[in-house]
Amino acid sequence: DSVQIPDDRDFGAFRAQCESERGWNLTYSKGGVAVWVQLLEPERALHKIKCRMECRDVAAETLYDVLHDIEYRKKWDTNVIETFDIGRLTANSDVGYYAWRCPKPLKNRDVVTLRSWLPMGSDYIIMNYSVKHPKYPPRKDMVRAVSIQTGYLIEGTGAKSCTITYLAQVDPKGSLPKWVVNKSSQFLAPKVSWSHCGGILCGVEGTLCTSRPSSQAMKKMYKACLKYPEWKQKHDPHFKPWLFPEQSRLPALLLSELSLQHADSLENIDESSLAESKEDRGEGSDEDS
């Protein structure tokens, strides 16, 4: 039950889940974006969700940089409230914090996750799961969500093209209103896909199922990728500690400082009686959804 850094078998198992369609239900496919779901516990809105998008005019290494670059995330991730890296464990693993906005009138969520990454030639994996850090306990103004497993598989398909698969199993915690559960069961896709849960980009990277499919968030990330090279040239262009570990400015962490974050150990916030706000009631345009 101790915290472990993923090894090659864990990365291999994650990739296999991303690439397999067996046992997954395709719920959305349009414009190069597909969404699948595995329904686990309908009464808790707990699902496994998988989204895949074809990225033309975006190199795999650019997408990988965007998912890692926490300063750039603050520019394009409009759902982020606060995100920062806490410390590094190894050359390819760290711990971070991510807080994100949820549909009104639900309370906002946050997570603390252990994130690991693995470059594999023209392919890349970033994945995370929730941990407890003594300096970052649950906050009174947030609901602490739990990332059971969240991550990305980026596969290079050409010099300037790639495919990204986002896989998430996140417990949003709390007793959710029926309108949230019904919408998540109807559309089965996350609005918030990015976090140190992605990070977290996670970031994931945090996920709460709502009415608009993940294609909206995926397209937002795609547009951010197109703008990243120009932005990065003006913002510390050579600083990429995810590629060059010796550049890391994070304090070192020990695994012994961390413990696993179990969902059943967190306070269950009752939001079941909250009514849906008018601004979140609309179905959105076809372009959005």
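Computed from a predicted model, the values in this text were never measured in an experiment. Once a new chain begins, its residue numbering starts again from 1 and follows that chain's sequence as written. Local features in this predicted model are restricted to residues of pLDDT 70 or higher, and side-chain atom pairs are both shown and tallied only at a pLDDT of 80 or more, whereas totals for entire chains, interfaces and linings draw on every residue. Neither water nor hydrogens contribute to the side-chain values; these are computed over all heavy atoms in the structure.

**Things to note about the packing of aromatic side chains**
Okay, so step 1: When two rings of Phe, Tyr or Trp (its six-membered ring) have centres within 6.5 Å they constitute a pair, described as stacked for plane angles under 30 degrees, edge-to-face for angles over 60, and tilted for the intermediate range. This model, assessed by the stated rule, comprises eight aromatic pairs.
Okay, so step 2: Note on Phe 84 and Tyr 136: the rings are 5.6 Å apart at their centroids and 50° apart in plane angle, and the pair reads as tilted. With a gap of 52 residues between them, Phe 84 in strand E4 (residues 80–90) and Tyr 136 in the loop between strand E7 (123–132) and strand E8 (143–144) connect regions that are remote in the sequence.
Okay, so step 3: Assessed through its relative accessible area of 22%, Phe 84 is described here as partly exposed.
Okay, so step 4: Relative accessibility decides the category of a residue: with a 1.4 Å probe and only protein chains considered, values under 20% of the type maximum give buried, values over 50% give exposed, and everything between is partly exposed. In this structure Tyr 136 comes out as partly exposed when scored by relative accessible area, which is 27%.
Okay, so step 5: For Lys 50, the ring lying beneath its charged end belongs to Trp 36, and the centroid distance is 5.6 Å.
Okay, so step 6: Arg 249 extends its terminal NZ or CZ atom over the ring of Phe 239, reaching a point 3.9 Å from the ring centre. By the criteria applied, helices consist of DSSP H or I runs no shorter than four residues and strands consist of E runs no shorter than two, each listed in order from the N terminus. Lysine NZ or arginine CZ positioned within 6 Å of the ring centre and within 35 degrees of the ring normal marks a charge as sitting over the ring.

**Focus on the pairing of E7**
Okay, so step 1: Counting buried positions along E7 yields nine of ten residues, so the element is predominantly enclosed.
Okay, so step 2: Here, any two strands with at least 2 DSSP bridges between them count as paired. As paired elements, strand E6 (residues 109–120) and E7 share eight bridges and run antiparallel to each other. Its bridge partner lying in E7, Leu 118 is registered against Ile 125.
Okay, so step 3: Connecting the antiparallel pair E6 and E7 is a turn made up of two residues, with Gly 121 showing a positive phi of about 70°.
Okay, so step 4: Pairing geometry for E7 and strand E9 (residues 146–158), over six bridges, is antiparallel. In the sheet register, Asn 128 faces E9, and the bridge partner there is Thr 150.
Okay, so step 5: Relative to strand E11 (residues 259–260), E7 runs antiparallel, the two sharing two bridges. Across the sheet, Val 131 pairs through a bridge with Leu 260, a residue of E11.

**Section: the pattern of salt bridges**
Okay, so step 1: A side-chain nitrogen of Lys or Arg and a carboxyl oxygen of Asp or Glu constitute a salt bridge if their distance falls within 4 Å. For the structure on display, the rule yields 16 salt bridges.
Okay, so step 2: For the salt bridge of Asp 77 with Arg 73, the shortest nitrogen-to-oxygen distance reads 3.9 Å.
Okay, so step 3: Residues joined by salt bridges that share partners form a network here, namely Arg 15, Glu 19, Asp 123 and Glu 155.

**Some points on the nonpolar core**
Okay, so step 1: Of all hydrophobic cores here, the largest spans 33 residues; its most connected members are Leu 63, Leu 67, Ile 154, Ile 164 and Met 221.
Okay, so step 2: Breaking this core down by element, the ones donating at least two residues are strand E2 (33–41), strand E3 (46–56), helix H2 (60–68), helix H3 (70–76), E7, E9, strand E10 (161–171) and helix H5 (215–233).
Okay, so step 3: Among the elements that take part in this core, H5 stands out by supplying six residues, more than any other.
Okay, so step 4: Contacts were defined at the residue level, with two residues in contact if any of their heavy atoms lie within 4.5 Å. With sequence-adjacent residues up to four places away left out, Ile 164 is seen in contact with Cys 51, Arg 52, Met 53, Cys 55, Leu 63, Leu 67, Tyr 152, Leu 153, Ile 154, Met 218 and Met 221.
Okay, so step 5: Residues grouped as a nonpolar core are buried Ala, Val, Leu, Ile, Met, Phe, Trp, Tyr and Cys residues, joined through side-chain atoms within 4.5 Å. Membership of the second largest hydrophobic core comes to 13 residues, among which are Val 3, Tyr 97, Val 112 and Leu 253.

**So, H2**
Okay, so step 1: Within H2, eight of the nine residues are buried, which leaves the element mostly enclosed by the surrounding structure.
Okay, so step 2: For H2, every residue scored as buried is listed here: Ala 60, Thr 62, Leu 63, Tyr 64, Asp 65, Val 66, Leu 67 and His 68.

**Some remarks on the confidence of the model for the protein chain**
Okay, so step 1: Along the chain, pLDDT gives the predictor's confidence residue by residue, from 0 to 100. On average, residues of the protein chain score 79 in pLDDT, and 73% of them are at 70 or above.
Okay, so step 2: Between residues 181–213, whose pLDDT stays under 50, and residues either more than four places distant or in other chains, the model counts 168 contacts.
Okay, so step 3: Across residues 280–289, where pLDDT falls below 50, the model places 21 contacts with residues more than four positions away in sequence or in other chains.

**Quick word on helix H1 (residues 8–19)**
Okay, so step 1: Working rule for helices: expected span equals 1.5 Å times residues minus one. Here H1 is twelve residues long and its end C-alpha atoms lie 16 Å apart, about the 16 Å a rise of 1.5 Å per residue gives.
Okay, so step 2: Those residues of H1 not exposed but buried are Phe 11, Phe 14, Arg 15 and Cys 18. One side of H1 holds all its buried residues, which, seen down the axis, span an arc of 100°.
Okay, so step 3: Between N or O atoms, a polar contact is any pair within 3.5 Å; within protein, one atom must be a potential hydrogen donor and the other a potential acceptor, and residues adjacent in sequence are included only when both atoms are from side chains. By the N-cap criterion, in which a side-chain oxygen at the helix start approaches the backbone nitrogen of a residue two or three places on, H1 is capped by Asp 7, the distance to Arg 9 being 3.1 Å. Throughout, the arc means the angular range of directions from the helix axis out to the C-beta atoms.

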